[in-house]
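Each chain, letter by letter, is given below.
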Amino acid sequence: MSFLWGAATSSYQIEGAFADDGRGPSIWDTFSRTPGKVVNGETGDVACDHYHRYLDDAQLMAGLGLQAYRFSISWPRIVPEPGVVNRKGLDFYDRLVDALLAREILPWPTLYHWDLPQHLEDAGGWPARDTAYRFAEYAGIVHEALRDRVSHWTTLNEPWCSALLGYANGEHAPGREEPSAAVAAVHHLLLGHGLAVPLLSGNIGITLNMSHVTAATEAPEDVDAARRIDGIQNRLFVDPVLRGAYPADVMADLAGLSDFSHVHDGDLEIISRPVDFLGVNYYSPALVAAGEPVPQGSTPWIGAESAHWVDGGRERTSMGWEIDESGLHDLLVRLRKDYPAVDLYITENGAAFADVVSSDGAVHDPDRIDYLRRHLNACADAIRDGVPLKGYFAWSLLDNFEWAHGYGRRFGIVHVDFDTQKRTPKDSALWYAARIRKGDL
């Protein structure tokens, strides 16, 4: 397969239909209904209404020339309550996969993008070991339904966010501020991944959100702050998957939170079962320095409570994230040099800006075009430097529900009017389509 061009979404952010056809509640349904958790009290109840508009969206993708579509499957749509498999939920993904294949678009499902069934959170959530086994069961159910047409599978999307934003500081669902539980959640997410791998067929991988971390100065305390952030952001996840071990220094950083008794004999062998690819989500670099520690429970950066982000003087997106494509290049080169050989895909990369529909009916987003161009050029440079990068998925296909930010942050290359559900390809979508037609980086 030549270089693969795609775009990505996730179920809770776009599907809507929160109670249709037997879907059960997820932790994001519960969290978004909790006062003060999401901007303006917004929810994903309707979102982009993709559940009902998937045919139009598939046709939109085809018109842009997308070769692959990375979407996630809603676990509570498949297993709405303990022991129940919802055939109508599976039927939706049957229809979606068929619609993609009919348009020669490769379907690339992610099995978990943060929408844990609420009944599993009620039973302990990811800090509970049993959740890993329930995830493997669910993976097997979905695989059985789609294996004849799906050749590429991602197990988890960004377990850093699920574990640390969800359980360490409560910024994301389920909203718990329990740093010790977050350490266990990290392990059980990765264990769930490893348990699912042998139940899937084709090309199998996991997606991690990673950053290129540097120290603001050469002072020993700043260098240590960067080591800690790199440890909790990157190495705590990629090392067990590709090396079969947790980094000793990160375990030492977390020793005050956990004795790691939740790590059982044989777990790391399961977690490090061979994968065909590693998905990399990259948005922004991390320039850090040491400072006054913040209280535990107020930060996802457990074990690095004294580390602080430093302003690098770069342009920023509307998320406040600095733009630096060289960080993507350097991260990819590091993965090639420091880890066992594995194919790499950029499974998310994109930027939020304050997009509006102009008087001419178009959405002019030159900042996003510049962001995409610079990061794709960084990918090309990485390939020239020997990185086995096989594809790129823009985040996101559609403006959507941006988690705790509600609908106020637009990442899409396609504008969505959330009142009318009208889709308008932005200038960036047209630019991306032209880049795809060009056929190379």
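Quick notes on the rules
Residues numbered from 1 in each chain as written. Predicted model: local features only at pLDDT ≥ 70, side-chain atom pairs only at ≥ 80, totals over all residues. Heavy atoms only, no water. Buried < 20%, exposed > 50% of the residue type's maximum accessible area, 1.4 Å probe, protein only. Helix = DSSP H or I, 4+ residues; strand = E, 2+ residues; numbered from the N terminus. Pairing = 2+ DSSP bridges. Right-handed = clockwise from strand over helix to strand, strands pointing away. 1 Å grid on protein atoms, 1.4 Å probe; cavity = no way out; pocket = protein on both sides within 12 Å on 5 of 7 lines; lining within 4 Å. Points joined across faces, edges and corners; volume = space filled by probe spheres on them. Nonpolar A, V, L, I, M, F, W, Y, C, P; charged D, E, K, R; others polar. Salt bridge = Lys/Arg side-chain N within 4 Å of Asp/Glu carboxyl O.

A. Fine view of the pairing of strand β11 (residues 389-395). Most of β11 sits out of view: six of its seven residues are buried. Across five bridges, the pairing between strand β1 (residues 4-8) and β11 is parallel. When the bridges of β11 are listed, W5 appears paired with Y392. Between the parallel pair strand β10 (residues 343-348) and β11, the chain is carried across by helix α14 (residues 366-384), and the sense of this crossover is right-handed.

B. Examining empty space enclosed by the protein more closely. In total, this model carries two cavities of 30 Å³ or more according to the counting rule given. The space that makes up the largest cavity amounts to roughly 60 Å³. Lining the largest cavity, in full, are I27, W28, Y112, W114, W126, C161, S162, Y167, H172, A173 and P174. At the level of secondary structure, the elements contributing two or more residues to the lining of the largest cavity comprise α2 (27-32) and α8 (159-167). Tallying contributions element by element places α8 first for the lining of the largest cavity, with three residues. The class makeup of the residues in the lining of the largest cavity is nine nonpolar, two polar and no charged. If you add up the space inside the second largest cavity, you get close to 40 Å³. In terms of lining residues, the second largest cavity is bounded by S11, Y12, E15, G16, F18, R23, G44, S74 and R77. Of the residues contributing to the lining of the second largest cavity, the split by class is two nonpolar, four polar and three charged.

C. Geometry of the pattern of salt bridges. Taken as a whole, this structure holds 41 salt bridges when the rule is applied. Note that D224 is salt-bridged to R227, the shortest N-O span being 3.0 Å. Here R227 and D224 lie together in helix α10 (residues 220-243), a separation of three residues that amounts to about one turn. R227 sits in the partly exposed class, given a relative accessible area of 26%. Across the salt bridge formed by R227 and D249, the nearest N and O atoms sit 2.7 Å from each other. Of this pair, R227 sits in helix α10 while D249 sits in helix α11 (residues 248-253), placing them 22 residues apart in sequence. Ionic contacts of the salt-bridge type, sharing partners, join the residues D224, R227, R228, D230, R235, D249, D253, R334 and D338 into one network.

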